Every structure is written in structure tokens, then in C-alpha cells.
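# Structural features, examined
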Amino acid sequence: GKGIQHLNLAFAYGDGREKSCELTAEAVSDLLYGLKIDGYFTFNLETIRVLNDEVGGVEVTVEDKSLAEHNPDFVLGETMVLKGSQAETYIRYRDTSQYRTALTRLERQKGYMKAYIGTAKQKYREDDQLIVRLVDDVEQYTITNMAKDQYMDMGLAVLNSPQVMEAEDFITVPGEVKETDLYEEYYPDKVELKKLVVEMFYKEIK
């Protein structure tokens, strides 16, 4: 059966492998009004460190007070190069006792992705074998229904793109945060989300 639940729990109802990915793709498709999900590519948390360190670390500025209070590696206002387990902490940590910290973490993740892609592009200009190593590094941690040449081409398209990733390149599902007795939950605005899906993925036939 189906019900209203946290989106990421779709993965947990599977087998931790292909079935979990298929259930997650189905849940995302349902959220996006039946939009077809062409492929999935998932990897475990160990991959964060692997990808981060393969490009020599990623430079970020610590702007989250709760992160600085949680871990002495992070000093509020300081710029640092994330190495090893620091990358996972930076991406994943949030103070669950504080309201709206999931959205604060999301902003932190956007900043990391922008910095990572910029760093990877620079490294790729110096070493065109970087993409091969990145793909080989994560293969053992990966579950996907795409062929290797498909996601290799996607990676090359990003690394060869002259465009710089900016804040407007990230799109957040429109909605609102609600605090319940147990969780902080995010509910999509169905009307605005439908408009967004139509604008992004459909063309008007005249």
C-alpha cells in the first residue's frame, strides 16, 4: 500500500539495493505527478569521503553555528579544506533539537556541491584521468540501473561545462515546514509544485 510518509523511507522499505532504489524512484515519480524517472544512481556514505578526497579536499566557509558547536574541527566564520570524515560531517550534521535545521543543512549542502564541482573542474583541467578515477573509486559502493558509459558521459558533461554553478541552479520543492510531536516535516505546496514540474519537464504542443 501507499501512504503519506517521509520520502526517504521509501528506500528503507526495500532490500537496501535495487528494490530500495526502485521504490524510491516510484515515490519521487508520485511526488512529481507521474514524471518518469529515467535512471537511479545510489551509493553509500563511504563514497562522500572517497569523492571528496579524490579531488584533494573541498574548500568551504563555516557559516552554521550549530555545526561549529558540535565539532571543534569547524570554526564559525573560518574557511577550511574538508578532508576525510569532515566532508560527511559537514554534509550530514544537523541539530535535531532546533527548528528548521534541515533547511539550514540543505543550504550547507548546496554550498558544498557548488564548491565540489568547481574544485573537480579545476582538477580535471590539470588531469583528464580524474573522471576515470572518480568512477572507478565509487563503483564498489554503487547501485544503479544505468550503464557505465551513461554516468561517465554525465560526469564528463559537468566537468567540461564552461558554466559556473550558482544558487539559482538549485531548485527546492515549494512547500512549508511543520513541526510535529516527533519530527520536523516538510510538506510540498502541490499547486506550486505542479506548476514547477510542468514548466521544467513539459513543452506546450501548438
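Throughout what follows, the structure given in this document is the object of discussion.

Rules used in this analysis
Residues numbered from 1 in each chain as written. Predicted model: local features only at pLDDT ≥ 70, side-chain atom pairs only at ≥ 80, totals over all residues. Heavy atoms only, no water. Axes fitted to C-alpha atoms, helices over the stretch in contact; angles between N-to-C directions. Helix = DSSP H or I, 4+ residues; strand = E, 2+ residues; numbered from the N terminus. Parallel < 35°, antiparallel > 145°, perpendicular 65-115°, else oblique. Contact = heavy atoms within 4.5 Å. Buried < 20%, exposed > 50% of the residue type's maximum accessible area, 1.4 Å probe, protein only. Polar contact = N/O pair within 3.5 Å; in protein donor to acceptor, adjacent residues only side chain to side chain. 1 Å grid on protein atoms, 1.4 Å probe; cavity = no way out; pocket = protein on both sides within 12 Å on 5 of 7 lines; lining within 4 Å. Points joined across faces, edges and corners; volume = space filled by probe spheres on them. Nonpolar A, V, L, I, M, F, W, Y, C, P; charged D, E, K, R; others polar. Arc of directions from axis to C-beta. Core = buried A, V, L, I, M, F, W, Y, C linked by side-chain atoms within 4.5 Å. Expected span 1.5 Å × (residues − 1). Phe/Tyr/Trp six-rings, centres within 6.5 Å; stacked < 30°, edge-to-face > 60°.

What follows concerns the packing of helix α6 (residues 101-126) against helix α7 (residues 130-139). Put simply, α6 and α7 touch, their axes get as near as 9 Å, and they point 125° apart. One way to sum up the angle between α6 and α7 is to call them oblique. The residues of α7 that touch α6, namely those facing Y116, A120, K123 and Y124, are L130, I131 and L134.

A few words on the side chain of S20. Topologically, S20 is positioned in helix α2 (residues 18-31). What makes S20 buried here is its relative accessible area of 0%. For S20, the side chain forms a polar contact with the main-chain nitrogen of G16, separated by 2.7 Å.

When its volume is computed, the second largest pocket comes out at roughly 300 Å³. As for the second largest pocket, its lining consists of E59, V60, T61, E63, D64, Y90, T104, E107, R108, G111, Y112 and A115. Elements with a contribution of two residues or more to the lining of the second largest pocket: β2 (58-61) and α6. Broken down by element, the lining of the second largest pocket gets its largest block of residues, 6 residues, from α6. Its residues assigned to classes, the lining of the second largest pocket shows 4 nonpolar, 3 polar and 5 charged.

Residues of helix α5 (residues 85-92) that are buried include every one of Q86, A87, Y90 and I91, and no others. What you see down the axis of α5 is that its buried residues fit within an arc of 130°, all on one side. Structurally, α5 contributes buried residues whose contacts are with α3 (46-54), β2, α4 (65-70), β3 (79-82) and α6.

If you look at the biggest cluster of nonpolar residues, it comprises 28 residues, and the most contacted ones within it are V58, V60, F74, L82, Y90, Y112 and Y116. Breaking this core down by element, the ones donating at least two residues are α3, β2, β3, α5, α6, α7 and α8 (148-160). Sequence-distant contacts of V58, that is, excluding residues within four places in its chain, are made with N52, M80, V81, L82, Y112, A115 and Y116.

If you check α8, its first and last C-alpha atoms are 18 Å apart, about what 13 residues at 1.5 Å a residue would give, namely 18 Å. Of the residues making up α8, those classed as buried are Y151, M152, G155 and L159. Along the axis of α8, the buried positions cluster into a sector of 105°, meaning they face one direction only. Turned more than 90 degrees off the buried face of α8, the exposed positions are D149 and N160.

A full pass over the atoms with the stated rule returns 4 aromatic pairs. Measuring from centroid to centroid gives 4.9 Å for F41 and Y151, while their planes differ by 65°, and the two rings are edge-to-face. One end of the pair, F41, is in strand β1 (residues 41-43); the other, Y151, is in helix α8, with 110 residues separating them in the sequence. You can call F41 partly exposed: its relative accessible area is 31%. Each residue in the set F41, F43 and Y151 is aromatic and connected to the rest through ring pairs, giving one cluster.

On to unusual backbone geometry, then. With a phi angle near 60°, Y33 is a residue other than glycine that sits in the positive phi range. Positive phi is not limited to glycine here, since R100 has a value of about 65°. Turning to its location among the elements, R100 is positioned in the loop between α5 and α6.

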